[in-house]
Amino acid sequence: MTPGWITTTLLDNDTPGGLAVARSRDGFLHDANGPLFPREWLKRQDLSVFAEHGIGHLDGEPVYLLELNAASAVPGCSWQGLRGFLLQGDHTVYKVLGYAAQIGTWAREHRFCGSCGQAMVQVPRERAMFCEACDLRSYPRISPSMIVLVTRGDEVLLARSPRFVPGVYSTLAGFAEPGESAEDCLIREVREEVQVEVRNIQYMGSQCWPFPHSMMLGFHAEYAGGDIVPQADEIEDAQWFNIHDLPPLPASRSIARYLIDLYVARRLGHAEPVLPG
Ligand SMILES: NC(=O)C1=CN([C@@H]2O[C@H](COP(=O)(O)OP(=O)(O)OC[C@H]3O[C@@H](n4cnc5c(N)ncnc54)[C@H](O)[C@@H]3O)[C@@H](O)[C@H]2O)C=CC1
Ligand SMILES: [Mg+2]
Ligand SMILES: [Zn+2]
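For the protein, an unreviewed UniProt entry supplies the name NAD-capped RNA hydrolase NudC and the organism Pseudomonas emilianonis. In its Sequence similarities (unreviewed entry) section, UniProt records this for the protein: "Belongs to the Nudix hydrolase family. NudC subfamily." Its UniProt record gives the protein a comment under Subunit (unreviewed entry), which states: "Homodimer."

Right, dumping it as structure tokens:
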């Protein structure tokens, strides 16, 4: 048995047993023991199953996703969105759910060929949907996004989107566009969002961000010029904050928080944080 969580494409839906998670628009089903249930028990509940996907092994046990048409009442259980599991509880369980959410979303959104419109079929032994007429394979969608902490000595540039929890400021982020390198994207996003120029771009690490399918590439960059001008509509406010006087920050398991905590730790000579996977 291999401990921990390993994704797979090789599970047979007709083989009984294993564990399962159930996902609806209201999130994942969970009870006091969490969101992983004995699969046969879960399948006996009154759930409207849209699709079943084998997704991996947790401590050697096969794990399946039951993707539902809608949430329904299961005695002793409730529904919680993926973000709730990110903020609280076991991180490995969150990783299982993050993968399940990405596979469920992708499979649901790729039932028909984008080229000819015919129904696609799941490829055996590969996580792909296939159109025979077009010989076209669609793989799970991953959207690369740059995230950057811009610094100026003891100051860090943080901004607020109108979508954030009131008071919270975070690092700048944005999706890569076709034709861009990671660095091109970072420079463009910082220009667009605050009209600031950067230099000495340094890659710091990455994080899967399944909301719904981002791959965050984290960077540090130094300020090189310009006065902050927040982008209309996208950026509600942006400021230089002294590392000794920071505003409320993003959740501790986010790479945004890691980039800030790492810079502060290095500046102050404290122990460095560890990037959560
Ligand atoms: N893990 C973390 O610490 C953090 C993650 N993020 C994530 O980074 C991603 C990008 O951040 P934003 O500032 O919202 O992006 P952004 O600055 O590029 O603006 C968002 C806009 O981009 C467009 N968009 C949406 N999906 C897209 C795609 N796949 N490709 C290209 N454009 C797309 C939409 O018009 C959307 O309103 C989001 O998924 C966000 O959740 C953002 C901050 C922290
Ligand atoms: Mg942005
Ligand atoms: Zn086709």
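Caption draft 1: Broad picture of the coordination of the zinc ion (ligand 3). Here the zinc ion (ligand 3) is held by Cys-113 (SG), Cys-116 (SG), Cys-131 (SG) and Cys-134 (SG), and the distances to it run 2.3 to 2.4 Å. Viewed at the metal, the 4 donor atoms of the zinc ion (ligand 3) are separated by angles of 103 to 115 degrees, and the geometry they form is tetrahedral. Of note, the donors binding the zinc ion (ligand 3) are all from one chain and are spaced C-x2-C-x14-C-x2-C. Overall, Cys-113 belongs to the buried group, its relative accessible area being 4%.

Caption draft 2: Main features of the site of ligand 1. Near ligand 1 there are 18 residues, and of these Ala-173, Glu-193, Trp-209, Ser-214 and Ala-256 occur at the shortest range. Glu-193 is positioned such that a nitrogen or oxygen atom in its side chain is 2.9 Å from an oxygen atom of ligand 1. One of the side-chain N or O atoms of Trp-209 is found 3.1 Å from an oxygen atom in ligand 1. Taking 850 Å² as the accessible area of ligand 1 by itself, protein coverage stands at 66%. For the shell around ligand 1, the secondary-structure elements that each account for two or more residues are strand 11 (143–152), strand 13 (172–175), helix 4 (182–194), strand 14 (197–209), strand 15 (214–225) and helix 5 (255–268).

Caption draft 3: Inspection of the coordination of the magnesium ion (ligand 2) at higher detail. Those protein atoms acting as donors to the magnesium ion (ligand 2) are Ala-173 (O) and Glu-193 (OE), and they sit at 2.1 to 2.2 Å. In this pair, Ala-173 is assigned in strand 13 and Glu-193 in helix 4, connecting sequence segments 20 residues apart. Residue Ala-173 is classed as partly exposed on the basis of its relative accessible area of 31%. Judged by relative accessible area, Glu-193 falls into the buried class, the value being 7%.

Caption draft 4: How the structure looks around the sheet that holds strand 8 (residues 121–122). The sheet built from 3 strands is open, its strands ordered 8-9-10 with antiparallel pairing. With one partner strand each, in any of the chains shown, strand 8 and strand 10 (136–138) form the two edges of the open sheet. Here strand 9 (residues 129–131) runs beside strand 10; their pairing, made up of 3 bridges, is antiparallel. Within strand 10, the position partnered with Cys-131 by the bridge is Leu-136.

Caption draft 5: Region of interest: the nonpolar core. In terms of nonpolar packing, the biggest core is built from 39 residues, with Phe-28, Leu-36, Ile-55, Val-63 and Leu-158 touching the most fellow members. Summarising the domain contributions, this core has at least three residues from each of domain 1 (5–109) and domain 3 (143–268). Listed in part, the 19 residues of the second largest apolar core include Val-150, Ala-159, Val-190 and Ala-221.

Caption draft 6: Expanded view of the domain arrangement of the protein. Segmentation of the protein into domains returns domain 1 (5–109), domain 2 (110–140) and domain 3 (143–268). Each of domain 1 and domain 2 was reduced to a C-alpha centroid, and the two centroids are 23 Å apart. Surface buried jointly by domain 1 and domain 2 totals about 980 Å² across both partners, of which 58% is contributed by carbon and sulfur atoms. It is Thr-9, Trp-106 and Glu-109 that lose the most area in domain 1 upon contact with domain 2, and together they represent 57% of the buried surface on that side. At the junction of domain 1 and domain 2, the tally comes to 0 salt bridges. Remark: the boundary between domain 1 and domain 2 carries 5 residue pairs in polar contact (both at pLDDT 80 or more). At the level of secondary structure, the elements contributing two or more residues to the side of domain 1 that touches domain 2 comprise strand 5 (49–58) and helix 3 (91–109).

Caption draft 7: Looking closely at the UniProt feature "domain: Nudix hydrolase" (unreviewed entry) in the protein. Mapped onto the present numbering, the UniProt feature "domain: Nudix hydrolase" (unreviewed entry) falls on residues 140–263. As a span, residues 140–263 carries 18% helix and 41% strand, and end to end its C-alpha atoms are 33 Å apart.

Caption draft 8: View of the UniProt feature "binding site: a divalent metal cation 2" (unreviewed entry) in the protein. Summarizing the sequence annotation, UniProt attributes the feature "binding site: a divalent metal cation 2" (unreviewed entry) to Glu-189 in the numbering used throughout. Mapping Glu-189 onto the fold places it in helix 4. What Glu-189 contacts, discounting residues up to four positions off in sequence, is Ala-173, Gly-174 and Phe-175.

Rules used throughout
- Residues numbered from 1 in each chain as written.
- Chains lettered and ligands numbered in written order.
- Predicted model: local features only at pLDDT ≥ 70, side-chain atom pairs only at ≥ 80, totals over all residues.
- Heavy atoms only, no water.
- UniProt positions renumbered as here; feature names shortened; annotations may be inferred.
- Donors = N, O, S within 2.8 Å, 3.2 Å for Na, K, Ca; no water.
- Tetrahedral: all angles 85-135°; square planar, octahedral: opposite > 155°, others 65-115°.
- Buried < 20%, exposed > 50% of the residue type's maximum accessible area, 1.4 Å probe, protein only.
- Near = heavy atom within 4 Å.
- Polar contact = N/O pair within 3.5 Å; in protein donor to acceptor, adjacent residues only side chain to side chain.
- Areas by Shrake-Rupley, 256 points an atom, 1.4 Å probe, with all protein chains shown as cover.
- Helix = DSSP H or I, 4+ residues; strand = E, 2+ residues; numbered from the N terminus.
- Pairing = 2+ DSSP bridges.
- Core = buried A, V, L, I, M, F, W, Y, C linked by side-chain atoms within 4.5 Å.
- Domains from an automatic or database assignment.
- Buried area = accessible area lost by both parts, 1.4 Å probe.
- Salt bridge = Lys/Arg side-chain N within 4 Å of Asp/Glu carboxyl O.
- Contact = heavy atoms within 4.5 Å.

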